[in-house]
Amino acid sequence: MLRVRSLIAFLPKTKLYGTRLLSTTSGGVAEPKLPTTADVIIVGGGVTGCSILYQLSKKGVNAVLLERGKITCGTTFHTAGLIWSLRPNALCMEVLKTTKEVFQELGAEDVGWINNGTLFLAHDNKEMKEFEKMSTFARNFGIESHVMGAKEATEMFPLLSPDSFKGALFSPSDGVVDPSMLCNQLVKKSKANGCSVVENCPVTKIITTQTLDGGRKVTGVVTPYGDLMCGQIINARGLWSQEHLAHASFPFTTLKHSYVVTEPIPNVKRCPNVRDHNNSIYFRVQGDSLIVGGYEENPTVVNPTPPEDFQFQLYNMDWNTFNPLMSSSIKLLPSLNKTGVKSTVCGPEAFSMDRKPLIGPDRIVRGLFHSFAFSSNGMMLSGGCAEQVAEWIVNGEPSLDMSSYDIERFAGNLDRMYVQQQCVSNYAKRPTASLQ
């Protein structure tokens, strides 16, 4: 098993404190300057909120993003940043394609984009046939991919054991992106287009008024620094998206999601990333090291929801839960058995019952829109989904069929334990046309 050299947090400016990694930055925060009106208010400054702000700014919308802490402070800051091109359904393929186009708009170097590709591993003939179908399907979207045997795959990633898998599907247009750099660029471009971002400004209440037909519609938000009036509000608060919305119960659960960063490994630099759906693991190349992560069979549910001051914070690694993934990883990559762990990351993320995001207008409150629970796929889906959200807000409907992401795709008020059970059950399952 990997030897653990330290449990120092992956990110700087953090310290170990009890069971969590807490930010050392505190105090001295100037009172935010809040505008009085906006066309649209986005609540939440993760990659989802920043991406929506950017897309609205391109359409000339006067949008304001409110973030309770700093940009990326919730879950975006600890994502591995993997970006894929292949998925088993048309909507996902279109959305992924648009996300990568956004990287080019912002400047590939400015968002930390590294195009090193992905090897998806197969373990039997059935999976190889699935890869052949996927490759054919991808060509309909102009996406290049190549099915190959284990020998050819190990030529691309020499540290893989050729006896541990049958073959692979190589997606050359995949890569990784830096979460902080991406969000900073989204904010920078949005501000240049006339939009605003207000940090350290929590929303404590959503203001609504009664309509002539007896319904409710949004008119603004309450913050500690005054009220901000608007015509539409976008709820992009990730795992905090249920707060201040007692009229609805959203079908998602917060789970702990983990990975480790290894010490330097010879000959790993510039190799493609690796995804093994059968074993629910991935390898993400990071310089001379690897990020090793995946989806545990028995993920830990986070209940209750972390408090709003849970910013740039992480949990200690639960090795009992994570070790089965490491055992599977070592079978694929035997050199990991002699490699130390440089750091660990274990943070909370919002997962829906089918691991697809929850997006769309609120069914009760007019002018309220939702976009959250991206189920650890926020970095790769954010750009494409944000484009559709912006179209939805401005034009009244998206240009793509978003029904498989529609927040109303599940039956009404579901039992919370049932929702939790479904989220946990589907957490580690491989993607299908109906499962992200």
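Residues numbered from 1 in each chain as written. Predicted model: local features only at pLDDT ≥ 70, side-chain atom pairs only at ≥ 80, totals over all residues. Heavy atoms only, no water.

**A short note on the overall build of the chain**
Step number 1: Helix and strand content of the chain: 8 helices and 24 strands.
Step number 2: Relative to the 2.2 N^0.38 estimate, which gives 22 Å for 436 residues, the radius of gyration of the chain is 21 Å and therefore close to what a compact globule would have.
Step number 3: Projected onto its principal axes, the C-alpha coordinates of the chain cover approximately 70 × 50 × 45 Å.
Step number 4: Taking all 436 residues of the chain together, the buried fraction comes to 57%. (Helix = DSSP H or I, 4+ residues; strand = E, 2+ residues; numbered from the N terminus. Rg over C-alpha atoms; globule rule 2.2 N^0.38 Å. Buried < 20%, exposed > 50% of the residue type's maximum accessible area, 1.4 Å probe, protein only.)

**Here's the deal with the sheet that holds strand β15 (residues 232–235)**
Step number 1: Here 6 strands make up an open sheet; going across it, the order is β11-β5-β4-β15-β24-β22 and the pairing mixed. Each end of this open sheet is capped by a strand with a single partner; those strands are β11 (196–198) and β22 (358–361). Within the sheet, the average angular offset between the axes of one strand and its neighbour, ignoring direction, is 20°.
Step number 2: Of the strand pairs in this sheet, strand β5 (residues 63–66) and β11 are connected by 3 bridges, and their pairing is parallel. Counterpart to Leu 65 in the pairing with β11 is Val 197.
Step number 3: Against the sheet, helix α1 (residues 47–58) makes contact with β4 (40–43), β5, β11, β15 and β24 (368–372), and its axis sits at roughly 170° relative to β5, the strand it touches most. (Pairing = 2+ DSSP bridges. Axes fitted to C-alpha atoms, helices over the stretch in contact; angles between N-to-C directions. Contact = heavy atoms within 4.5 Å.)

**So, the environment of Ser 280**
Step number 1: Mapped onto the elements, Ser 280 comes out in the loop between β17 (273–276) and β18 (281–286).
Step number 2: Residues Ser 280 and Tyr 427 lie 147 residues apart in sequence; the distance between their C-alpha atoms is 9.5 Å.

**Looking at the pattern of salt bridges**
Step number 1: Inspection of every chain in the model, using the stated rule, returns 5 salt bridges.
Step number 2: For Arg 363, the salt bridge identified is with Glu 408, shortest N-O distance 3.6 Å. Linking Arg 363 in the loop between β22 and β23 (365–366) with Glu 408 in the loop between α7 (378–395) and α8 (416–426), this pair joins segments that are 45 residues apart in sequence.
Step number 3: Taking relative accessible area as the criterion, Glu 408 reaches 38% and is therefore assigned partly exposed. (Salt bridge = Lys/Arg side-chain N within 4 Å of Asp/Glu carboxyl O.)

**Observations regarding the environment of Gly 215**
Step number 1: Along the chain, the position of Gly 215 falls in the loop between β12 (205–210) and β13 (216–223).
Step number 2: Placed 151 residues apart in sequence, Gly 215 and Arg 366 show a C-alpha to C-alpha distance of 8.0 Å.

**Side note on empty space enclosed by the protein**
Step number 1: Across all of its chains, the model carries 5 cavities of 30 Å³ or more by this definition.
Step number 2: Its boundaries defined by the atoms lining it, the largest cavity holds a volume of some 710 Å³.
Step number 3: Secondary structure elements with two or more residues in the lining of the largest cavity: α1, β16 (252–262), β21 (340–352), β24 and α7.
Step number 4: Broken down by class, the residue content of the lining of the largest cavity amounts to 22 nonpolar, 19 polar and 6 charged.
Step number 5: Here the second largest cavity is characterised by a volume of approximately 150 Å³. (1 Å grid on protein atoms, 1.4 Å probe; cavity = no way out; pocket = protein on both sides within 12 Å on 5 of 7 lines; lining within 4 Å. Points joined across faces, edges and corners; volume = space filled by probe spheres on them. Nonpolar A, V, L, I, M, F, W, Y, C, P; charged D, E, K, R; others polar.)

**Quick notes on the confidence of the model for the chain**
Step number 1: Averaged over all residues, the pLDDT of the chain is 92; the fraction at 70 or higher stands at 92%.
Step number 2: Contacts for the low-pLDDT stretch residues 1–26, under 50 throughout, to residues beyond four places or in other chains number 70 contacts. (pLDDT = per-residue confidence, 0-100.)

**Some words on the nonpolar core**
Step number 1: Ile 42, Leu 56, Leu 182, Ile 234, Ile 359 and Tyr 405 are the most contacted members of the largest nonpolar core, which has 67 residues in total.
Step number 2: Those residues within four positions of Ile 42 in sequence are excluded, and the remaining contacts are Gly 49, Ile 52, Leu 53, Leu 56, Val 64, Leu 65, Leu 66, Ile 234 and Ala 236.
Step number 3: With 36 residues, the next largest nonpolar core counts Cys 230, Trp 240, Phe 252 and Cys 423 among its residues. (Core = buried A, V, L, I, M, F, W, Y, C linked by side-chain atoms within 4.5 Å.)

**Some remarks on the pairing of β21**
Step number 1: Counting buried positions along β21 yields 12 of 13 residues, so the element is predominantly enclosed.
Step number 2: Note that β16 and β21 share 11 bridges and pair antiparallel. From the neighbouring strand, Tyr 259 faces β21, where its bridge partner is Val 345.

**Here's the deal with the packing of aromatic side chains**
Step number 1: Applying the stated criterion across every chain yields a total of 11 aromatic pairs.
Step number 2: Seen from their ring centres, Phe 77 and Phe 312 are 5.3 Å apart, and the 70° between their planes marks the pair as edge-to-face. With Phe 77 in the loop between β5 and β6 (82–83) and Phe 312 in the loop between β19 (289–294) and β20 (314–315), the pair connects residues that are 235 residues apart, well separated along the chain.
Step number 3: Taking 5.1 Å as the distance between ring centres and 75° as the angle between the ring planes, the aromatic pair formed by Phe 369 and Trp 392 counts as edge-to-face. Here Phe 369, found in strand β24, pairs with Trp 392, found in helix α7; they are 23 residues apart in sequence, far enough to count as distant. (Phe/Tyr/Trp six-rings, centres within 6.5 Å; stacked < 30°, edge-to-face > 60°.)

**Observations concerning helix α6 (residues 319–332)**
Step number 1: Under the 1.5 Å per step criterion, the end-to-end length of α6 is 19 Å for 14 residues, consistent within 8% with the ideal 20 Å.
Step number 2: Considering only its buried residues, α6 is in contact with β7 (118–122), β16, β17, β18 and β19.
Step number 3: Where α6 begins, the side chain of Asp 318 points an oxygen toward the backbone nitrogen of Asn 320, at a separation of 3.2 Å. (Expected span 1.5 Å × (residues − 1). Polar contact = N/O pair within 3.5 Å; in protein donor to acceptor, adjacent residues only side chain to side chain.)

**Details of unusual backbone geometry**
Step number 1: For the peptide bond that leads from Asn 303 to Pro 304, omega is 5°, which places it in the cis range.
Step number 2: Within the secondary structure layout, Pro 304 lies in the loop between β19 and β20.
Step number 3: For Asn 200, which is not glycine, the phi dihedral falls at a positive 55°.
Step number 4: Tracing the chain through its elements places Asn 200 in the loop between β11 and β12.
Step number 5: Located in the positive-phi region is Phe 312, a residue other than glycine, with phi close to 50°.

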